[in-house]
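# Secondary and tertiary structure notes
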Amino acid sequence: MAKQSRGEATVERLLTAALEVFAASGQAGFTVNAVTKASGVSLGSLYHHFGSFDGLAAALYGHCLGQTYTAALASVDRSRTARTGIRAFVTTYLRFIQENPAVARYLHGSAYSSYLAVDADRARGVEPDHFPRVVDHLRRWVDSGEIAHLPGPLLEVLVVGPVAVAAHRWLATPEDIDLNQAARILSDRIWASIRAEQAVS
């Protein structure tokens, strides 16, 4: 048990250090040497836990994405209707981005950022069974007829895609976009794109 706890602590130390290195140095400075130096963990231990530096990078992506989605999806689960659920997802996601810039910049600035809105669980090192899928949290409203029956990946793209692009744009040029305004507008537009025809608009 003690050995397992030490292993978990080492993994957490590496993930924390990796995020700090990326936040401070960007993609160019995000190297195995920089992370091992910042964490105080040996190269051999990093490889033992993640297989490679790319494995660590993928795991960090999954960790950051999981944090972001967990916060946003918890607000969805507390919502009574599909429309308020979409509004909660958009608002909470963008608020999390504002409050956690290091996590946000890794999600949107790392080599794995292209996975954000399309099949994120396929990112190397991210296990599908442990990845929070937006579509799973919308299923009850699909079944009730509030949300249109759409292929799962496309439904997820319609919900996450606009929010992810807004977050990316804000991180790149914050003066160009007001995230509070984006939350209001995108909530209504996303809802209009996924609601079932018979659903009240």
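Conventions adopted
Residues numbered from 1 in each chain as written. Predicted model: local features only at pLDDT ≥ 70, side-chain atom pairs only at ≥ 80, totals over all residues. Heavy atoms only, no water. Helix = DSSP H or I, 4+ residues; strand = E, 2+ residues; numbered from the N terminus. Buried < 20%, exposed > 50% of the residue type's maximum accessible area, 1.4 Å probe, protein only. Contact = heavy atoms within 4.5 Å. Areas by Shrake-Rupley, 256 points an atom, 1.4 Å probe, with all protein chains shown as cover. Salt bridge = Lys/Arg side-chain N within 4 Å of Asp/Glu carboxyl O. Phe/Tyr/Trp six-rings, centres within 6.5 Å; stacked < 30°, edge-to-face > 60°. pLDDT = per-residue confidence, 0-100.

## Quick notes on the overall build of the protein
A count of helices and strands for the protein gives 9 helices and 0 strands. When the elements of the protein are put in sequence order from the N terminus, they spell out α-α-α-α-α-α-α-α-α. Here the protein holds 201 residues, and 44% of them are scored as buried. If you take every contact in the protein between residues at least 6 apart in sequence, the share linking residues at least 24 apart comes to 67%. When the accessible surface of the protein is split by element, carbon and sulfur atoms take 53% of a total near 10400 Å².

## As for the pattern of salt bridges
Side chains that differ in sign of charge can pair as their charged atoms come close. If you walk through the whole model with that rule in mind, you get 2 salt bridges. With a shortest N-O distance of 3.4 Å, Asp188 and Arg83 are connected by a salt bridge. With a gap of 105 residues between them, Asp188 in helix α9 (residues 179–194) and Arg83 in helix α5 (residues 82–99) connect regions that are remote in the sequence. One salt bridge in this structure joins Asp176 and Arg169, with 3.5 Å as the shortest N-O distance. The partly exposed category is assigned to Arg169, whose relative accessible area is 45%.

## Here we look at the packing of aromatic side chains
Counted by the stated rule, this structure contains 7 aromatic pairs. Seen from their ring centres, Phe22 and Tyr106 are 4.9 Å apart, and the 80° between their planes marks the pair as edge-to-face. With Phe22 in helix α1 (residues 2–25) and Tyr106 in helix α6 (residues 101–109), the pair connects residues that are 84 residues apart, well separated along the chain. Exposure remark for Phe22: the relative accessible area of 6% places this residue in the buried category. Judged by relative accessible area, which is 1%, Tyr106 ranks as buried.

## Examining the confidence of the model for the protein
Averaged over every residue, the pLDDT of the protein is 87; the share at 70 or more is 87%. Across residues 117–130 the pLDDT falls below 50, and counting only partners more than four positions away or on other chains, this stretch makes 25 contacts in the model.

## As for the side chain of Thr36
By the secondary structure assignment, Thr36 is in helix α2 (residues 32–39). Residue classification places Thr36 among the buried residues on the basis of a relative accessible area of 14%.

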